[in-house]
Amino acid sequence: MDGIRETFAGMPWWVKWVAIPLLVVFVFGGVITSILGALIGFVFKLLLLVALVGGLVFLVKKFAGSSTKSSYDKW
């Protein structure tokens, strides 16, 4: 670990903060993009599920409110 620190200690700032991150993005850009795409897709589907379930609950309570009360009274 000290060898890596010594190597980077002698480098100019632009190599550490510009060139190396650009190389990482160039090499692993496809992996990073696919992971972010999958994460964003998962969050979108989760929010869509929450909205659909909420809409279904709202519709059931709105349109079947009076009929379900009478069926519960029979129990």
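Please read these numbers as outputs of a predicted model, since none were measured by experiment.

Draft legend 1. Here's a closer look at the overall build of the protein. Secondary structure summary: the protein contains three helices and zero strands in total. Mapped in sequence order, the helices and strands of the protein form the string α-α-α. A buried classification covers 4% of the 75 residues belonging to the protein. Of the roughly 7000 Å² of accessible surface on the protein, a fraction of 77% belongs to carbon and sulfur atoms.

Draft legend 2. Fine view of the confidence of the model for the protein. Summarising the model, the protein shows a mean pLDDT of 88, and 87% of its residues fall at 70 or more. Across the protein, helix α2 (residues 13-63) holds the top mean pLDDT of 95, while helix α3 (residues 65-74) sits lowest at 58.

Criteria and thresholds
- Residues numbered from 1 in each chain as written.
- Predicted model: local features only at pLDDT ≥ 70, side-chain atom pairs only at ≥ 80, totals over all residues.
- Heavy atoms only, no water.
- Helix = DSSP H or I, 4+ residues; strand = E, 2+ residues; numbered from the N terminus.
- Buried < 20%, exposed > 50% of the residue type's maximum accessible area, 1.4 Å probe, protein only.
- Areas by Shrake-Rupley, 256 points an atom, 1.4 Å probe, with all protein chains shown as cover.
- pLDDT = per-residue confidence, 0-100.

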